[in-house]
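# Descriptive structure summary
Listed here are the chains, written in short residue letters.
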Amino acid sequence: MRLWLTRHVQNCLAAMGRLVHKPAGSLLTIAVIGIALALPAGLNVLVRNGEALAGGWESARDFSVYLKPGEELAQAAALAKSLSANGNVDDVEIISAEAALAELQQAGSFEGALTGLDNNPLPHTLVVRPRADAPANELAELARELGTNASVDQVRLDTEWVERLNAILEFVRRGIWLAAGLLALAVVVIVGNTIRLDIENRRAEIEVAKLLGATDAFVRRPFLYTGFWYGLGGGLFALGVVLLGLTILGGPVTRLSALYGTSFQLQGLAGSGALTVLGGGLVAGLTGAWFAVAQHLTAIQPKI
Amino acid sequence: MIRFDHVTKRYAGGHEGVSEICLEVDAGELVFLTGHSGAGKTTLLKLLALIERPTRGQVLLNGRNVGRLPERAIPEHRRSLGMVFQDHKLLPDRSIFENVSLPLIIAGLGRREIARRVRAALDQVGLLNRESARPDALSTGEQQRVGIARAVVGRPRLLIADEPTGNLDPDLSLEIMMLFRRLNGVGVTMLIATHDLALVEQLGGRQVILDGGRVSSEQD
């Protein structure tokens, strides 16, 4: 048992030694694998950040109810009261026409235009804040009902774009899984091909080992370890690429979000994400090695 | 120890390497297989090493029909033999020590035991002081001696050699054959294929002459 373990450790280290021995070729292969893994990993980070961003806005599903011009403020107050009783509504704020006008005047640039007006053209407005857990379809129904109210001119539901964003993110997420699958396949092919060349280069050695009574497992082992190292190296390379990307993008994103008055922080790969990248690399590396070995090792039979 | 019982090996294409061959070798014997190239010497050795399977007949080794061994039993069977090749089949990128230790690594021996046995084998062929050299740094005769050390390091009961002196000049050939004779003296059964009749005459011993895939005559 100890001997068996020793042999595995020896094989494992020897495989790494061979890769280190020809660094240029090994690094090139590892870089290709790493980039292939970094693409879906990086896109995944982007989508996760998009989700975080959309999640932050989702609670702001307020909608505005504009009353018909000329309706009394009392009418607005009555409507607000009945809305507050609705189970899906958290809060209703009344913005009177006068308050709206004052706010507009304060904003400045319209001053000239506004002073020219004889009377206030703005309607009274209700800003309805739904409960966070209110279902979207019930809110839409509520908005539609409000629209049919005799004193209401228009209802503006602002949640549509959030839903669109979510739909887009879902679409992108599926796309990433597809891309990840294809790229993982590419990694399998890359490792498989590299190991195939490796087997070809060590053909004499394999033949001699088989002549001396080496089992298939004995001959296979070093190549599987090579695939293991390629996968691990590629996974680490991919993590490095993603980290580098996050570092490069982190500063500008923080500045941009500060300009918008929010404090959005770019999220990195969580621990589980990093493990997925490494695990994916390992599985793909080993699979590629296994395919190459299964295909080519049995074909090599010793001759004398 | 070895018994070929009406063994025929027909290759794809119809050519017969050996035809209905019968041959017995006792434990501890040193047997030279001679004959022209194509007479069936190499085929006979291939059948013993399970590089080829007999088309008909039985190849018995210690009473066991090795021709019928399942595929997965081949490695173990080969580990029980020592094999010497004309082109010695040393790995050029490994040291002499590493080359000779390969059978023991395959057999799964511990490091200390491997070192002990490899040095003993190299000592037997007189190359103990060259263990860290690469095969390229050695003369052809020395390379073949390394090949022999590798063949005996696993302490096989049977050693088969295919034209072991094929690439050597007469002096070196004699030296190699004397080495075989000495190893045979410690009880290893040997089957040596060679076309060097003069050398075999010089050494004496049992000689099996093959012709057209059959035993044409024997000399003692």
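Residues numbered from 1 in each chain as written. Chains lettered and ligands numbered in written order. Predicted model: local features only at pLDDT ≥ 70, side-chain atom pairs only at ≥ 80, totals over all residues. Heavy atoms only, no water.

Here we come to the overall build of chain A. Looking only at helices and strands, chain A features 10 helices and 4 strands. The order of α-helices and β-strands along chain A, N terminus first, is α-α-β-α-β-α-α-β-α-β-α-α-α-α. Relative to a compact globule of 304 residues, whose C-alpha radius of gyration would be 19 Å, chain A shows 32 Å and is clearly more extended. By its C-alpha atoms, chain A is 110 × 35 × 30 Å across when sized along the principal axes. Counting all 304 residues of chain A, 37% fall into the buried class. Taking the intrachain contacts of chain A between residues at least 6 apart in sequence as the baseline, contacts between residues at least 24 apart amount to 84%. As presented, chain A carries roughly 17200 Å² of accessible surface, and 64% of it is formed by carbon and sulfur atoms. Of the side-chain charges in chain A, 23 are positive and 26 negative, and the distance between the mean point of each set is 24 Å. (Helix = DSSP H or I, 4+ residues; strand = E, 2+ residues; numbered from the N terminus. Rg over C-alpha atoms; globule rule 2.2 N^0.38 Å. Buried < 20%, exposed > 50% of the residue type's maximum accessible area, 1.4 Å probe, protein only. Contact = heavy atoms within 4.5 Å. Areas by Shrake-Rupley, 256 points an atom, 1.4 Å probe, with all protein chains shown as cover. Lys, Arg positive; Asp, Glu negative; His and termini not counted. Charge placed at Lys NZ, Arg CZ, Asp CG, Glu CD.)

A separate point is the overall build of chain B. Summing up its helical and strand segments, chain B has 7 helices and 10 strands in all. Viewed in the frame of its principal axes, chain B has a C-alpha envelope of about 45 × 40 × 35 Å. Going through the 220 residues of chain B one by one, you find that 55% of them count as buried. Sequence-distant contacts in chain B: of pairs separated by 6 or more residues, those separated by 24 or more amount to 67%. Total accessible area on chain B is roughly 9800 Å²; 45% of this is exposed by carbon and sulfur atoms. Counting 29 positive and 27 negative side-chain charges, chain B places the averaged centre of each group 8 Å from the other.

One can find Lys210 of chain A in helix H8 (residues 203-211). Notably, Lys210 of chain A is buried but unbridged: the nearest opposite-charge side chain belongs to Asp216 of chain A, and the N-O separation is 4.0 Å. Lys210 of chain A has contacts with Asp216, Val219, Leu297, Thr298, Ile300, Gln301 and Pro302 of chain A together with Arg78 of chain B, leaving out every residue within four places of it along the chain. (Salt bridge = Lys/Arg side-chain N within 4 Å of Asp/Glu carboxyl O.)

The next point concerns unusual backbone geometry. Residues and elements named next belong to chain B. If you check the backbone angles, Glu20 has positive phi at about 50 degrees while not being a glycine. Assignment of secondary structure puts Glu20 in strand E2 (residues 16-25). For Asn62, which is not a glycine, the phi torsion comes out positive at approximately 55 degrees. Its location among the elements puts Asn62 in the loop between strand E4 (56-61) and strand E5 (64-65).

All names here are of chain A. As summarised here, the arrangement of the 4 strands in space is E2-E3-E1-E4, forming an open sheet in which the pairing is antiparallel. Of all strands in the sheet, those with a lone pairing partner are strand E2 (89-95) and strand E4 (152-157), marking the two edges. Put simply, the sheet's adjacent strands are angled 20 degrees from each other on average, direction ignored. As judged from the 5 bridges shared by strand E1 (residues 63-67) and E4, these two strands associate in the antiparallel manner. Among the inter-strand pairings, Val65 is bridged to a residue of E4, identified as Val155. Against the sheet, helix H3 (residues 73-84) contacts E1, E2, strand E3 (125-130) and E4, and its axis sits at roughly 170 degrees relative to E2. (Pairing = 2+ DSSP bridges. Axes fitted to C-alpha atoms, helices over the stretch in contact; angles between N-to-C directions.)

That's the geometry; what it means functionally is another story.
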